[in-house]
Amino acid sequence: MCGIIGITGCLDVPEAILEGLARLEYRGYDSAGVALQVEDGLWVSRAANGSKSLADLRRAVSGAPGSCRAGIGHTRWATHGKPSEVNAHPHQDCKGTLAVVHNGIIENHFEIAAKLSAAGHELVSSTDSEVLAHLVEEAIAEGASLVDAVRACMKKVRGSLAMVVVHASDPELMVAARRVSPLIVATADAAGLVASDVPALLGWATAMYALEDDEVAEVSPGGVLVSDASGARVEPARLEVDWDVGAAQKGGFDDFMLKEIHEQPDAVAGTLMGRLSPSGEVLLDEMRIDDDELREVEKVFIVACGSSYHAGLVAKYAMEHWARTAVEIDIASEFRYRDPILDSRTLVIGVSQSGETLDTLQAIRYARRWNAKVLVVSNVVDSSMAREADGVIYTRAGPEIGVAATKTFLAQLVALEVLSLYLAGLRGTLYPAEISGLLDSMRELPAKVAQALEGSKDIFDVAARFASAEEFFFIGRHVGYPVALEGALKLKEISYLHAEGYPAGELKHGPIALLEEGTVVVGIATRTRLWEKMMANVAEVRARGAMVVLVANDGDEETAALADATLWVPSTHPLFAPVLDVIPLQLFAYALARARGNDVDRPRNLAKTVTVE
Ligand code: M6R
């Protein structure tokens, strides 16, 4: 997501901040900015020129007035409000005396912004973050010190945040605070530092400390003082870091793909954040399509490519089951050439993490020409598709660098399931109590994703047993079928092994002829509706001499008894099962690819975003 750096007390603060931001560049960003404590107060500069923003910022900073004692910098990956200069951080209060950088999502920002505006504050951006600057301003106006004002602000906001605030009245002080989103404070020779992640601090910091939830740190050249939500002093936990910059950018993982797989609990939590109300309703703030228009929709088409198509397939099951709407799903590159029947009562949903895939973009353009309503599910705010659609649901997985989609896929699954329940609510096809119960199960997903990752720790040992196999079939039924397709795609993409995904019931209509001793069949055998039929299909493949790997629910020994190896995942509602079941398959593909010595982040012949037809 966004990157934060703050430095006070070193010789060349602006240069150090720019260097820190450059080290955070790998996270992906659409805009960037700095606030520097110069002689006349705060000097703020922001640039929103995509990946050229840092170069623009460097040019601007070279013209900053006078000497500088401290400063904060930020790279932004938009979640609320499109990438633009006014939405870039740092944000300021009404008088321009303080500046804030923020990482995370403020869930109750609409409510807070309304109160601030009513109290006379002038909010200029369309971000959730700007409210922080005005809340701190308000507390200072009531007599609080900067550190107490930040603490007071923390009490008013819900959601996730890592924030750093500087105020012109105390030019060497930075106040940092966090909840959920990580933030690290550090000391160096006569300097204080703060950053969203380790790479930005390497080489400078002599000691790093991770802030805990609701802790607030006062960072100055003399050191770091940390206090809790009540203001009581606490001893921060020291981080032992012996990484180089490259390893640190990958969070200590060997590659971005593995790091991103382990970021999946956050990707799911971020995508759900603010969308499941405590009273059991679904809230979709960027939907923009009228509820009445959605109620009148007679048919839904989902268009997507690759992994996004597989997420769409799961959505077809969920939407038809819960919202009782007919859903067709198309590979985007086929859609407009098959003459689909579309009109103003059709909803076309484009699913694309990048929002730039040309086939999907052309498919939604085609839909618009036929007057269909277009909704896009995208991980990139203000992507081409998001701009051209009538409504958007942003997945908030953060930038994905590995070519193989992992965390964005999980985020798409939950975004589409949230949408399915939203439609069910509008159309009255589920009772409010049913929706509320499903939302409760959904809230458990981030923790269960973490559990599934924990349960896959032995994946390298499991995969090693199949390292010499050349042929893989992935089979599943119902929502296990798209999971099988995704498992096969992951294996093909990064291990270059031949893998096919099939509906398990279809195998005997042809492909079973390919099975022989040594073929590996990976089955999605968690306890969903068709488990018994799935097990019959597993028996069929075993009888042909295939080696069987099964994804099963934790503790389900009955399923494991039919497998040569079992990949364990927690159980959940059957329609949420894909979110968990796919995780060991991502790791299985990863382990086999690494065993073959492949570069998993940049697999051969593949581009992260396909912008040609
Ligand atoms: O950016 P998009 O979601 O539109 O990309 C679609 C596909 O190109 C993408 O999912 C591709 O299949 C990935 N490499 C899958 O890992």
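Residues numbered from 1 in each chain as written. Predicted model: local features only at pLDDT ≥ 70, side-chain atom pairs only at ≥ 80, totals over all residues. Heavy atoms only, no water.

### A look at empty space enclosed by the protein
So the rule is basically this: Here a cavity is any set of points on a 1 Å grid over the protein atoms alone where a 1.4 Å probe fits but cannot get out, and a pocket is any open set with protein on both sides within 12 Å along at least 5 of 7 lines; a residue lines the site when it has an atom within 4 Å of a point. Grid points are joined across faces, edges and corners, and a volume is the space filled by probe spheres set on the points. A run of DSSP states H or I qualifies as a helix once it reaches four residues; a run of E qualifies as a strand once it reaches two. Both are numbered from the N-terminal end. Gly falls in the polar group here, along with every residue not listed as nonpolar (Ala, Val, Leu, Ile, Met, Phe, Trp, Tyr, Cys, Pro) or charged (Asp, Glu, Lys, Arg).
Scanning all chains against the criterion turns up four cavities of 30 Å³ or more. Reported here for the largest cavity is a volume of approximately 90 Å³. Along its surface, the largest cavity is lined by 14 residues, and C2, T79, G104, D128 and S129 are the ones closest to its centre. Top element by residues in the lining of the largest cavity is strand β6 (residues 98-106). It accounts for four residues. Residues belonging to the lining of the largest cavity are distributed by class as follows: four nonpolar, eight polar and two charged. What lines the second largest cavity is a set of 13 residues, among which R477, G480, I524, T526 and T528 lie closest to the centre.

### What to know about the sheet that holds strand β17 (residues 326-331)
Formally: Note: two strands are recorded as paired if DSSP finds a minimum of 2 bridges between them. In this description, a line fitted to the C-alpha atoms serves as the axis of each element, helices being fitted only across the stretch in contact, and the angle between N-to-C directions of two axes falls anywhere from 0 to 180 degrees.
With parallel pairing, the five strands of this open sheet are ordered in space as β17-β16-β18-β19-β20. Of all strands in the sheet, those with a lone pairing partner are β17 and β20 (391-394), marking the two edges. The mean angle between the axes of side-by-side strands here comes to 20 degrees, regardless of whether they run parallel or antiparallel. Bridge analysis of strand β16 (residues 299-304) against strand β18 (residues 346-352) gives six bridges, and the strand direction is parallel. Across the sheet, V300 pairs through a bridge with L347, a residue of β18.

### Things to note about the side chain of T566
Short version of the rule: Only protein chains enter the accessibility calculation, which uses a 1.4 Å probe; a residue whose area is less than 20% of its type maximum is buried, one above 50% is exposed, and one in between is partly exposed. The criterion used for residue contact is that any of the two residues' heavy atoms lie within 4.5 Å.
Along the chain, the position of T566 falls in strand β25 (residues 565-569). Of the residues examined, T566 reaches a relative accessible area of 15% and is grouped as buried. Sequence-distant contacts of T566, defined by excluding residues within four places in its chain, comprise L550, A552 and A560.

### So, the domain arrangement of the chain
Under the convention used in this document: Domain start and stop points were drawn from an automatic or database domain assignment. By buried area we mean the combined loss of accessible area, with a 1.4 Å probe, across both parts when two parts are placed together. For salt bridges, the criterion is a side-chain nitrogen of Lys or Arg within 4 Å of an Asp or Glu carboxyl oxygen.
In terms of domain boundaries, the chain breaks down into domain 1 (3-244), domain 2 (250-443) and domain 3 (452-595). For domain 2 versus domain 3, the separation of C-alpha centres amounts to 25 Å. Contacts between domain 2 and domain 3 engage 29 residues on the former and 22 residues on the latter. Each partner contributes to the roughly 2,300 Å² buried at the junction of domain 2 and domain 3, and carbon and sulfur atoms together form 74% of this total. A per-residue breakdown of the area domain 2 buries against domain 3 is headed by M257, H310 and Y317, which together make up 23% of the total. Summed over the shared surface of domain 2 and domain 3, the number is two salt bridges. A salt bridge links D255 to R594; its shortest N-O distance comes to 3.2 Å. Sorting the residues of the side of domain 2 that touches domain 3 by element identifies α7 (256-262), α8 (264-272), α10 (306-323), α14 (407-427) and α15 (432-443) as the ones contributing at least two each. Considering only residue class, the side of domain 2 that touches domain 3 consists of 18 nonpolar, eight polar and three charged.

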